[in-house]
Amino acid sequence: MADNDSPSGSNQENTDQDSAPNPLSNFQNTLDNIVHKFQDSNPYNHQHKFWETQPVGQFKDLGDPSLPEGPIEPPTSLSEVKQEPYNLPSLYEWTVCDMDSDEICNEVYVLLTNNYVEDDDNLFRFNYSKEFLRWGLRPPDHFRNWHIGVRVKSSKKLVAFITGIPVKMRVRDEVVKMAEVNFLCVHKKLRSKRLAPVMIKEVTRRIHLENIWQAAYTAGVLLPTPLATCQYWHRTLNPKKLIDIGFSRLGDRMTMSRAIKLYKLPSSTVTTGLRKMEARDVPAVTRLLSDYLGRFVVAPLFDDAEVAHWLLPQVDVVESYVVESSESREITDFFSFYTLPSSILNNPSYSVLKAAYTFYNVSTKTPLAQLMQDALIIAKQKDYDVFNALDVMENEPFLKELKFGRGDGQLYYYLYNYRLRDAIRPSELGLVLL
């Protein structure tokens, strides 16, 4: 099982209505540096010796009609699963990272902030907040011992991290218990120690001990073998700030005033009955989401408790809005996005780049493009600088209409120990991993 990257890529949109060069081209190039930096730190970027030993789809088997869909290896007896942790190099030891502990949560935050993903020019780095990490790692029925750390024995310093959370996944007509594996991070100074393969094997072992034999994960690198290859798109909300902090520059035929005008949004939302999601909306949102995700080849199954966890608004973590009919009081539509900021380094005027990532959206009565424009308006009102979206589910049609720019970086989705005979299109995928 691999790490879950959060790539952004570079934006290829032509933002000048007169076909001048993109005024924000350098912003996306800087984001692309983050992706390449992460790829360079990934020990499997240029070879697949480890993955060729794992129960994952192999490149040589692509399109082989004789291979059945479903589990690649059958489950074994739990007594046959290795009962003791894998051996680490002698200077290191395993630890369980209790995210309920403020001290340990802060250690994880510091490790990720300083070592997870940073751009080549040291302009900014991803900054998962402690509240975000707790949200992402403590869904209902999570397993605390799937939050795995590596410490230096002598100093007890946390130097590596990997996590899993449980999820029910529907693959075609089969419902499969899986783990979502995420946040594989090794301290920059220890990248040569080959800790990552041992960490992947250890989280796999602990997942197997819970009688779970499949997993989902994403990465910004090509491994054997993607379930789907997806693209990030970016919608600029604050062009002046992006230019001021050096993420972007004005194109030759673009002025600051024209860029601001190009990305200007209405001052208020237009959808009647739009309001922030509340606890009383959970059953209705669960029904909407379940019906919607049923359209896709691969998608999670959420119950009320999981919808409450993932979608009820939390400040600077996740935002969700519903559309309530004024006549029937029925919830007809909703959208959601989560917050993943980046620290801005060495800039006297700005310290944080605030980015929104679209999460789950369902449109039944309100046109999706209108719903998403309202999401952009709300994000702008809340001082987000950029709004990002993957081309999964039904997202692609609204992207160009709402002036999103296509990124360079790709996000690859993978399944562990589960084979689909052929890769699926992003529009057939109903899954968003943090």
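Residues numbered from 1 in each chain as written. Predicted model: local features only at pLDDT ≥ 70, side-chain atom pairs only at ≥ 80, totals over all residues. Heavy atoms only, no water.

Peer 1: How should the sheet that holds strand β13 (residues 352-353) be read in this particular structure?
Peer 2: The pairing of strands in a sheet comes from backbone hydrogen bonds and takes either a parallel or an antiparallel form. The strand order across the open sheet built from three strands is β2-β12-β13, with neighbouring strands paired in antiparallel fashion. The open sheet is flanked by β2 (124-126) and β13, the only strands paired with a single partner. The sheet contact formed by β2 and strand β12 (residues 342-344) spans three bridges and is antiparallel. Bridging from a neighbouring strand, F126 pairs with S342 of β12. (Pairing = 2+ DSSP bridges. Helix = DSSP H or I, 4+ residues; strand = E, 2+ residues; numbered from the N terminus.)

Peer 1: How should I be thinking about the nonpolar core in this particular structure?
Peer 2: Nonpolar side chains tend to gather and get buried jointly when the protein is soluble and globular. The biggest cluster of nonpolar side chains holds 72 residues, and the ones touching the most others in it are Y338, F359, Y360, Y413 and L429. Counting residues per element, this core draws most heavily on helix α7 (residues 282-293), at seven residues. When near neighbours in sequence (up to four residues on either side) are disregarded, F359 contacts W135, W310, L311, V318, S336, F337, Y338, M393, V432 and L434. Formed by 34 residues, the second largest nonpolar core is a distinct cluster that contains W146, V152, A160 and I207. (Core = buried A, V, L, I, M, F, W, Y, C linked by side-chain atoms within 4.5 Å. Buried < 20%, exposed > 50% of the residue type's maximum accessible area, 1.4 Å probe, protein only. Contact = heavy atoms within 4.5 Å.)

Peer 1: It is not clear to me how the pattern of salt bridges should be interpreted in this structure. Could you clarify?
Peer 2: The full count for this structure, using the stated rule, is 22 salt bridges. R295 is the salt-bridge partner of E394, the closest N and O atoms lying 2.9 Å from each other. One end of the pair, E394, is in the loop between β16 (386-390) and α10 (396-401); the other, R295, is in the loop between α7 and β9 (298-301), with 99 residues separating them in the sequence. In this structure, E428 engages R425 in a salt bridge whose closest nitrogen and oxygen atoms are separated by 3.7 Å. (Salt bridge = Lys/Arg side-chain N within 4 Å of Asp/Glu carboxyl O.)

Peer 1: Explanation requested: unusual backbone geometry in the structure shown.
Peer 2: Excluding glycine, a negative phi dihedral is what most residues carry, and trans is how most peptide bonds are arranged. Going from P224 to T225, the amide bond is cis rather than trans, its omega being -25°. Considering the arrangement of structural elements, one finds T225 in the loop between β6 (214-219) and β7 (228-236). The phi dihedral of F183 is positive, around 60°, even though this residue is not glycine. Note that F183 resides in strand β5 (residues 174-186). The backbone of M393 shows a phi angle near 55°, a positive value even though the residue is not glycine.

Peer 1: Help me out: how do you make sense of the side chain of D391 in this one?
Peer 2: Inspection of the secondary structure puts D391 in the loop between β16 and α10. Despite its burial, D391 pairs with no opposite charge, the nearest such side chain being R406 at 6.5 Å. In this structure the side chain of D391 is engaged in a polar contact, spanning 2.9 Å, whose partner is the backbone nitrogen of Q231. In this structure, D391 is in contact with C230, Q231, W233, E396, L399, P426 and S427, ignoring residues within four places of it in sequence. (Lys, Arg positive; Asp, Glu negative; His and termini not counted. Polar contact = N/O pair within 3.5 Å; in protein donor to acceptor, adjacent residues only side chain to side chain.)

Peer 1: I keep staring at the packing of α7 against helix α8 (residues 304-311) and nothing clicks. Help me out?
Peer 2: The relative placement of two packed helices comes down to the angle between their axes together with the axis-to-axis distance. With their axes 9 Å apart at the nearest point, α7 and α8 run at an angle of 100° to one another. Overall, the two elements α7 and α8 adopt an arrangement that is roughly perpendicular. Contacts between α7 and α8 involve V282, P283, V285, T286 and L289 from the first element and D304, V307, A308 and L311 from the second. Residue composition of the contact of α7 with α8, grouped by class: seven nonpolar, one polar and one charged. (Axes fitted to C-alpha atoms, helices over the stretch in contact; angles between N-to-C directions. Parallel < 35°, antiparallel > 145°, perpendicular 65-115°, else oblique. Nonpolar A, V, L, I, M, F, W, Y, C, P; charged D, E, K, R; others polar.)

Peer 1: Please clarify how the packing of aromatic side chains should be interpreted in this entry.
Peer 2: Two measures describe an aromatic ring pair: the distance that separates the ring centres and the angle between the ring planes. The full count for this structure, using the stated rule, is 25 aromatic pairs. Ring geometry for F337 and Y384: centres 5.5 Å apart, planes at 90°, overall edge-to-face. Separated by 47 residues along the polypeptide, F337 in strand β11 (residues 331-339) and Y384 in the loop between α9 (368-381) and β16 bring together distant segments of the chain. Across this residue pair, the class does not change: F337 and Y384 are buried. Ring centres 5.4 Å apart and planes at 65° place the aromatic pair F337 and F387 in the edge-to-face group. In this pair, F337 is assigned in strand β11 and F387 in strand β16, connecting sequence segments 50 residues apart. As far as burial versus exposure is concerned, F337 and F387 are alike and both buried. Here a set of aromatic residues connected by ring pairs shows up, and it is made of Y116, Y128, F132, W135, F183, Y232, F302, W310, Y338, Y357, F359 and Y360. The ring of Y109 is capped by K130, whose NZ or CZ atom sits 5.9 Å from the centre of that ring. (Phe/Tyr/Trp six-rings, centres within 6.5 Å; stacked < 30°, edge-to-face > 60°. Lys NZ or Arg CZ within 6 Å of the ring centre and 35° of its normal.)

Peer 1: What should I look at first to understand the environment of T113 in this one?
Peer 2: With respect to the element layout, T113 can be found in helix α2 (residues 102-115). Among the residues examined, T113 registers a relative accessible area of 8% and is labelled buried. Considering only alpha carbons, one finds T113 and R125, twelve residues apart in sequence, at a separation of 7.0 Å. Here Y109 takes part through its backbone oxygen, which lies 2.7 Å from a polar atom of the side chain of T113.

Peer 1: Is there a simple way to think about the packing of α2 against helix α3 (residues 130-137) in this case?
Peer 2: In contact at an axis separation of 10 Å, α2 and α3 are set at 100° when each is read in the N-to-C sense. On the basis of their axis angle, the class for α2 and α3 is roughly perpendicular. Of the residues in α3, those in contact with D102, C105, N106, V108, Y109 and L112 of α2 are K130, L133 and R134. The residue inventory of the contact of α2 with α3, partitioned by class, reads five nonpolar, one polar and three charged.

Peer 1: How do you make sense of the layout of surface pockets when you look at a structure like this?
Peer 2: Over the atoms, a rolled probe matching the size of one water molecule traces out where space is still vacant. Taken as a whole, the largest pocket encloses approximately 330 Å³ of empty space. For the largest pocket, the lining is made up of 16 residues, of which Y86, T204, H208, W213 and Y416 are closest to its centre. Counting residues per element, the lining of the largest pocket draws most heavily on helix α4 (residues 195-208), at four residues. Grouping the constituent residues of the lining of the largest pocket by class yields six nonpolar, five polar and five charged. (1 Å grid on protein atoms, 1.4 Å probe; cavity = no way out; pocket = protein on both sides within 12 Å on 5 of 7 lines; lining within 4 Å. Points joined across faces, edges and corners; volume = space filled by probe spheres on them.)

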